[in-house]
Amino acid sequence: MHMQVPSDFRRVIIAASVGNVIEWYDFYIFGSLAAVLSVKFFEQSHPVAALLSTIALFTAGFLIRPLGAFLFGWMGDRVGRKYTFLITLSGMGLGTGAIGLIPTYQSIGLTAAFALFGLRMIQGLCLGGEYGGAITYVAEHVPDDRRGYYTGWLQTSPTLGIVVSLAVIILTRTYAGNEAFDAWAWRVPFLVSFLLVAIAIYIRLQLQETPIFQEIRDRGQMTRNPWKEAFLSSNLKYIGIAVVVLIGQGVVWYSGQFWALYFLQQVSKVDALTSSYIVGAALLVATPSLIFFGWLSDQIGRKPVILSGMLLAAITYYPLYLWLGSVTQPGNINYATATFIIFILVCYVGMVYGPVGAFLAEFFPARIRYTSVSVPYHIGNGWGGGLVPFITSAAFAATGSIGYALIYPIVVPAVCFVLALFLMPETHKISIWQPIEPRAAE
């Protein structure tokens, strides 16, 4: 028995990626508009308190992600890849669109804050089920020797999601003007989500279940209890190793893309539009690095590429952020250099993130792949990475020092680098198309 790679796998990658881009757009539009949301939905007596309350809401969306991974992972391994990530996509779209509809604090008081919190939770839960589904879905359609390259395309979707969210915000702000934007037009980027999700659902409805999942189902090899098999067996050790790799990866991811935006706005005091332009441009130019490093990991292995990214980040963040601060002084912004620095930061993201989807798919057996990929990903990315904006902003607010703000983004990847050096196996020679053997009992 040897399964064939389906011939239409490129269409599969596009469909999975489109859904993924939208899913991340939904998640990030919230972060990009944190400052506006804090004014609309919280008591405004203390501006810092209001901003922190929104970042806390933002972080809450991250903290619940592993729970979503847990719930939807179970469903993905029991019911199937396709239906599960249709559900996560729909939930995400409705949750985001609804944010554009709820009345503000001024109209309905504290209820507004609770409504926003509830919708943020729905977003986090759905995102928890989406990524593992998309990665599993793509990995189970593509040839073994190109898996890093093809999943690298999928890995561009969060970055493109940020770009789309910045673009929609720039367009709305420019078209409506700042006053109208702050008054009512901030709702537009959320409402756009309804349209985007409708398109993505339409595209995804055309897709079939993955050949590997069908094979397991036909042969009666499906898992009865994904949670038990993933967490109460020798597999737990592998989950632990994956979490270490993903925490390092998650922190680099958020420090490179998200903290760069916060840094420009909070530290260098660059206005929202200009900072969106700089970060958006750098992200667009650097996005191919995710595909390149995914491809490179097919040639030389996942481990050297991912670990180099962690090490470089830990060593160079401090000088790079100091340099970024020096070229973005108010009234004297060197756009080219600022964009170039963020480009470098995003190339580190490419190194840690481009190959990681392929690594995860190869690291876990098909029966429990959805669960096993999703949970470590969202612990590492959601908890390890999701805390970056909160911890760095709080540290900077407390000390006014870039050095203190960067302790977390430097120490975590450094520690994960050392641990992963010893714990992380190389997976790029593993075939997931061979007959499905249970992993040897250890």
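What you are looking at is a predicted structure, and each value in this text was computed from that prediction instead of being measured. (Residues numbered from 1 in each chain as written. Predicted model: local features only at pLDDT ≥ 70, side-chain atom pairs only at ≥ 80, totals over all residues. Heavy atoms only, no water.)

Colleague: Lay out the overall build of the protein chain in plain terms, naming residues and giving numbers.
Modeller: Counting its secondary structure elements, the protein chain contains 22 helices and two strands. The C-alpha radius of gyration computed for the protein chain amounts to 21 Å, which stays within 12% of the reference 22 Å derived for 442 residues, consistent with globular compactness. The dimensions of the protein chain, computed from C-alpha atoms along their principal axes, are 65 × 45 × 35 Å. Counting the 442 residues in the protein chain, one finds 60% classified as buried. Counting contacts in the protein chain only where the partners sit at least 6 residues apart, residues at least 24 apart contribute 87% of the total. Accessible surface computed for the protein chain: about 16,400 Å², of which carbon and sulfur atoms make up 69%. (Helix = DSSP H or I, 4+ residues; strand = E, 2+ residues; numbered from the N terminus. Rg over C-alpha atoms; globule rule 2.2 N^0.38 Å. Buried < 20%, exposed > 50% of the residue type's maximum accessible area, 1.4 Å probe, protein only. Contact = heavy atoms within 4.5 Å. Areas by Shrake-Rupley, 256 points an atom, 1.4 Å probe, with all protein chains shown as cover.)

Colleague: Explain helix H7 (residues 110–139) to me, and be specific about the residues and the numbers.
Modeller: With 30 residues, H7 extends 44 Å from end C-alpha to end C-alpha; this agrees with the ideal 44 Å at 1.5 Å per step. Burial analysis of H7 places 22 of its 30 residues in the buried class, which makes it a mostly covered element. (Expected span 1.5 Å × (residues − 1).)

Colleague: Could you give an account of the side chain of threonine 104, naming the residues involved and the relevant values?
Modeller: Topologically, threonine 104 is positioned in the loop between helix H5 (81–99) and helix H6 (105–108). For threonine 104, a relative accessible area of 13% puts it in the buried group. Threonine 104 has contacts with Lys40, Phe41, Gly109, Ala112, Trp186 and Arg187, leaving out every residue within four places of it along the chain.

Colleague: Describe the layout of surface pockets, and please don't skip the residues or the numbers.
Modeller: Space inside the largest pocket adds up to approximately 700 Å³. What lines the largest pocket is a set of 31 residues, and nearest its centre among them are Ala35, Leu51, Tyr262, Gln265 and Gln266. Contributing elements (two or more residues each) for the lining of the largest pocket: helix H1 (9–32), helix H2 (34–41), helix H3 (47–63), helix H8 (147–176), helix H13 (235–267), helix H14 (272–286) and helix H20 (388–399). The residue makeup of the lining of the largest pocket, split by class, is 22 nonpolar, six polar and three charged. (1 Å grid on protein atoms, 1.4 Å probe; cavity = no way out; pocket = protein on both sides within 12 Å on 5 of 7 lines; lining within 4 Å. Points joined across faces, edges and corners; volume = space filled by probe spheres on them. Nonpolar A, V, L, I, M, F, W, Y, C, P; charged D, E, K, R; others polar.)

Colleague: Please set out the environment of isoleucine 14 residue by residue, giving values where relevant.
Modeller: Relative to the assigned elements, isoleucine 14 resides in helix H1. Note: C-alpha distance between isoleucine 14 and valine 138 (124 residues apart in sequence) is 9.5 Å.

Colleague: Which residues make up the pattern of salt bridges, and what values do they have?
Modeller: The final tally for this structure, using the stated rule, is 10 salt bridges. A salt bridge links arginine 81 to glutamate 140, with the nearest nitrogen and oxygen atoms 2.8 Å apart. Pair noted here: arginine 81 is in helix H5 and glutamate 140 is in the loop between H7 and H8, with a separation of 59 residues, a long-range link. In this structure, arginine 302 and glutamate 362 form a salt bridge, with 2.7 Å as the shortest nitrogen-oxygen distance. (Salt bridge = Lys/Arg side-chain N within 4 Å of Asp/Glu carboxyl O.)

Colleague: Outline the packing of helix H15 (residues 288–300) against helix H16 (residues 302–326), supporting the account with residue identities and numerical values.
Modeller: The packing of two helices is summarised by the inter-axis angle and the distance between the axes. Close contact between H15 and H16 brings their axes to 7 Å; oriented N to C, the two are set at 135 degrees. By the criterion of interaxial angle, the relationship of H15 to H16 is oblique. Residue-level inspection shows Phe293, Gly294, Leu296, Ser297, Asp298 and Ile300 of H15 in contact with H16, the latter providing Arg302, Pro304 and Val305. Here the contact of H15 with H16 is built from residues that sort into five nonpolar, two polar and two charged. (Axes fitted to C-alpha atoms, helices over the stretch in contact; angles between N-to-C directions. Parallel < 35°, antiparallel > 145°, perpendicular 65-115°, else oblique.)

Colleague: For the packing of aromatic side chains, give the residues involved together with the corresponding values.
Modeller: Applying the stated rule across the entire model yields 32 aromatic pairs. For the ring pair tryptophan 186 and phenylalanine 190, a centre distance of 6.3 Å and an interplane angle of 80 degrees mean the geometry is edge-to-face. Residue classification places tryptophan 186 among the buried residues on the basis of a relative accessible area of 1%. Accessibility expressed as a relative area gives 0% for phenylalanine 190, which makes it buried. (Phe/Tyr/Trp six-rings, centres within 6.5 Å; stacked < 30°, edge-to-face > 60°.)

Colleague: Describe a nonpolar patch on the surface, and please don't skip the residues or the numbers.
Modeller: A contiguous nonpolar patch, built from Tyr404, Ile407, Val411, Val415, Val418, Leu419, Leu421, Phe422 and Leu423 and spanning about 850 Å² of accessible area, is present on the exposed surface. The element best represented in the nonpolar patch is helix H22 (residues 407–423), accounting for eight residues. One can find leucine 421 in helix H22. (Patch = residues over 30% accessible without salt bridge, like charges linked within 9 Å, V, L, I, M, F, W, Y side chains within 5 Å.)

Colleague: Could you give an account of the side chain of lysine 40, with specific residues and numbers?
Modeller: Relative to the helices and strands, lysine 40 is located in helix H2. It is aspartate 182 that comes nearest to the buried, bridge-free lysine 40 among opposite-charge side chains, at 6.9 Å. Those residues in contact with lysine 40 that sit more than four places away from it in its chain are Thr104, Tyr105, Asp182, Ala183 and Trp186. (Lys, Arg positive; Asp, Glu negative; His and termini not counted.)

Colleague: Could you give an account of the environment of glycine 380, with specific residues and numbers?
Modeller: Looking at the secondary structure, you find glycine 380 in helix H19 (residues 369–385). Residue classification places glycine 380 among the buried residues on the basis of a relative accessible area of 0%. Distance in space between the C-alpha atoms of glycine 380 and isoleucine 306 is 14 Å, their sequence separation being 74 residues. Setting aside its immediate chain neighbours within four residues, glycine 380 contacts Leu246, Ile247, Gly250 and Gly385.

Colleague: Explain unusual backbone geometry to me, and be specific about the residues and the numbers.
Modeller: A positive phi angle, near 60 degrees, is found at lysine 269, a position not held by glycine. The residue lysine 269 is located in the loop between H13 and H14 in this model.

Colleague: So what's going on with H19? Residues and values would help.
Modeller: Relative to the 24 Å expected for 17 residues at 1.5 Å per residue, H19 spans 22 Å between its end C-alpha atoms, a close match to the ideal helical length. Among the 17 residues of H19, 15 are classified as buried, and the element is accordingly described as predominantly covered.

Colleague: Outline the packing of H5 against helix H10 (residues 187–205), listing residues and values.
Modeller: Axis separation between H5 and H10 bottoms out at 7 Å; the angle between their running directions is 165 degrees. With respect to their mutual orientation, H5 and H10 come out roughly antiparallel. Between H5 and H10 lies a crossing whose hand is left-handed. Across the interface between the two elements, Lys82, Phe85, Leu86, Leu89, Ser90, Gly93, Leu94, Thr96, Gly97, Ala98 and Ile99 of H5 pack against Arg187, Phe190, Leu191, Ser193, Phe194, Val197, Ala200, Ile201, Arg204 and Leu205 of H10. Taken together, the residues of the contact of H5 with H10 sort by class into 13 nonpolar, five polar and three charged. (Left-handed = near helix turned anticlockwise from the far one by under 90°.)

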